[in-house]
Each structure stands twice: as structure tokens, then as C-alpha cells.
Amino acid sequence: MLDSVPPRVREYADQVVSYVQRALGIQLEYDSNTLPVLDHYLRSVPEDQPAALKLVVATSGAYFGEVVRQRLGGRWELSDQEAEWRMVLPTGLNFSPVGFVAAAIARADLEDLDSEIAAPPRLLPYVQLALARMGEVSVDDYYSLCGRLDTLEHVHEVLVAVAAQMLGDEGDLEVDAEVVAAAAAAAVAGHGTAGLTALVDDELDDEDDEDDDEDDELDDAVEAIADEPSGPVN
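Quick look at the structure, then. (Residues numbered from 1 in each chain as written. Predicted model: local features only at pLDDT ≥ 70, side-chain atom pairs only at ≥ 80, totals over all residues. Heavy atoms only, no water.)

Here we look at the sheet that holds strand S1 (residues 75–77)
Strand-to-strand pairing in sheets goes through backbone hydrogen bonds, with the strands running parallel or antiparallel. Reading across from one edge, S1-S2-S3 is the order of the three strands in this open sheet, with antiparallel pairing throughout. The open sheet terminates on both sides in strands that have one partner only, identified here as S1 and strand S3 (94–95). One ladder, built from two bridges, connects strand S2 (residues 86–88) with S3; its direction is antiparallel. Bridge pairing in S3 places Val88 opposite Asn94. Those strands touched by helix H3 (residues 50–72) are S1, S2 and S3, and its axis lies near 145° from that of S1. (Pairing = 2+ DSSP bridges. Helix = DSSP H or I, 4+ residues; strand = E, 2+ residues; numbered from the N terminus. Contact = heavy atoms within 4.5 Å. Axes fitted to C-alpha atoms, helices over the stretch in contact; angles between N-to-C directions.)

Below, the structure written as C-alpha cells:
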């Protein structure tokens, strides 16, 4: 799956794999199973060495973005500055991997880096409700990359469930799920957030005169997934 990674991202991600191997003797495997190893490594990074810290943040951000992309799908949006790189998921959720890593090291949000989950405006109510229904966790868990991945997975699943419900009536959810999957696949193939986001936007346009019914559908769809084990609030 690394074949479709921008060369600069792949180079950076491979660098942090080497750093962790040398420091801890453990091989990162671009999966959730070894992500706690990277969290452990980041807790040992000295914050009083700016040049080294900047390099670790950039390379670890590339690695974490790849873990998310390989797990949930998505695409990279790159710029000249690593701090402005973003990972965009098929559901339209997007975030700064570098911002997440910097916050994980500092165990705090930083003024000069974005460490929040973002989404297209029409999807924000669904994201906010999904996050509000997640349980409180410790500061360490909240800022850890493992915690961030749990949050992204949870909200991603909620948006897919909402889109599936919007696309059809209750008796046709299985077909709707296939349509959602096809839209997500289109986004991963290079169409950006157009897939799932466009489907949700179209349905919302059709239901502008039915706000009360839409709110009920949102609560039902989110409730179906929000009862799973709690994760970090973002």
C-alpha cells in the first residue's frame, strides 16, 4: 500500500521507523498494533533540542498519517511546510498528522500547530455530536496517537452510518452501505472528499424542509455506533 504514497511522505515515514528501531529495537509495521511503540518513543523525545524535535515531529507525522490512510483510506494533501500537510479521509474528515504528533509530545494543544479534527461544514454537526458522546479519558490517552486513531475510527464509522441511513429507507440499508463504500473508494482513488461528502450534501439539500426529521435520523444513526466502548474526546 506504500506504492501510492508521495515520495516525501514515504521517505519521512521510513526515517522514523529507523529511529524507533535504533532506539527501542522494535520494528514499526504501519499498523495499530505497533502504534503504542511510537507513542512510547515520542514520550522520550527531548523538547529542549528544537532541530531534533522538529525532525521527529515531521517524520512521525508522516508515519501516523500513513497508518491512518492504510486503515481507513484517504489521500495526502501536501505543501512546502510539513506542518501544513493534511490527511483527508473518504468521509471528508481531515487532520494535520504533524499537529497530532506535536500535541502528543507536548501533551497539550499548541498555538502554532493544528491538532484538531476538521470536516466539511455540512458534516460538522455529525462530527460534533459523535465526539460529544464519547467518554472522558486521561490527558495521556487523549493526546496519544493511539487515542487519536480510536477517535478518527469512531467518527469515520459514525459518518458512514449516517450517510447509509440518509441514502435510503430502513429496509435498504445493506444496499446503501454498498453505495457508501463505492463513494469512499472513489475518494481514495483520487477524487478527494467528493464521494461521501457529496452524497451527504445532496441528501441534506433534499431535506432542507424537514429539519426535525433529519435531527431524529441523526440521533438514531449516531446512537447505533456511539454505544461502543468510549474513546478520547477531541
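Topic: the side chain of Ser144
In this structure, Ser144 sits in the loop between helix H6 (139–143) and helix H7 (145–166). A relative accessible area of 9% places Ser144 in the buried class. (Buried < 20%, exposed > 50% of the residue type's maximum accessible area, 1.4 Å probe, protein only.)

Remarks on H7
Compared with the 32 Å implied by 1.5 Å per residue over 22 residues, the 31 Å span of H7 between its first and last C-alpha is a close match. The element H7 is largely enclosed, with a buried count of 17 among its 22 residues. (Expected span 1.5 Å × (residues − 1).)

Describing the packing of helix H5 (residues 124–132) against H7
Where H5 meets H7, the axes come as close as 10 Å, and the angle between the chain directions of the two elements is 130°. With respect to each other, H5 and H7 are oriented oblique. With respect to the hand of their crossing, H5 and H7 are arranged in right-handed fashion. Within the contact between the two elements, H5 uses Tyr126, Val127, Ala130 and Leu131 and H7 uses Thr151, His154, Val155, Val158, Leu159, Val162 and Met166. (Parallel < 35°, antiparallel > 145°, perpendicular 65-115°, else oblique. Left-handed = near helix turned anticlockwise from the far one by under 90°.)

Points about the nonpolar core
Leu38, Tyr41, Leu42, Tyr63, Phe64, Val68 and Leu145 are the most contacted members of the largest nonpolar core, which totals 54 residues. Residue contributions to this core peak at ten residues, all from H3. With near-sequence residues (within four places) excluded, Val68 lies in contact with Gly73, Met87, Leu89, Phe95, Leu149 and Leu152. (Core = buried A, V, L, I, M, F, W, Y, C linked by side-chain atoms within 4.5 Å.)

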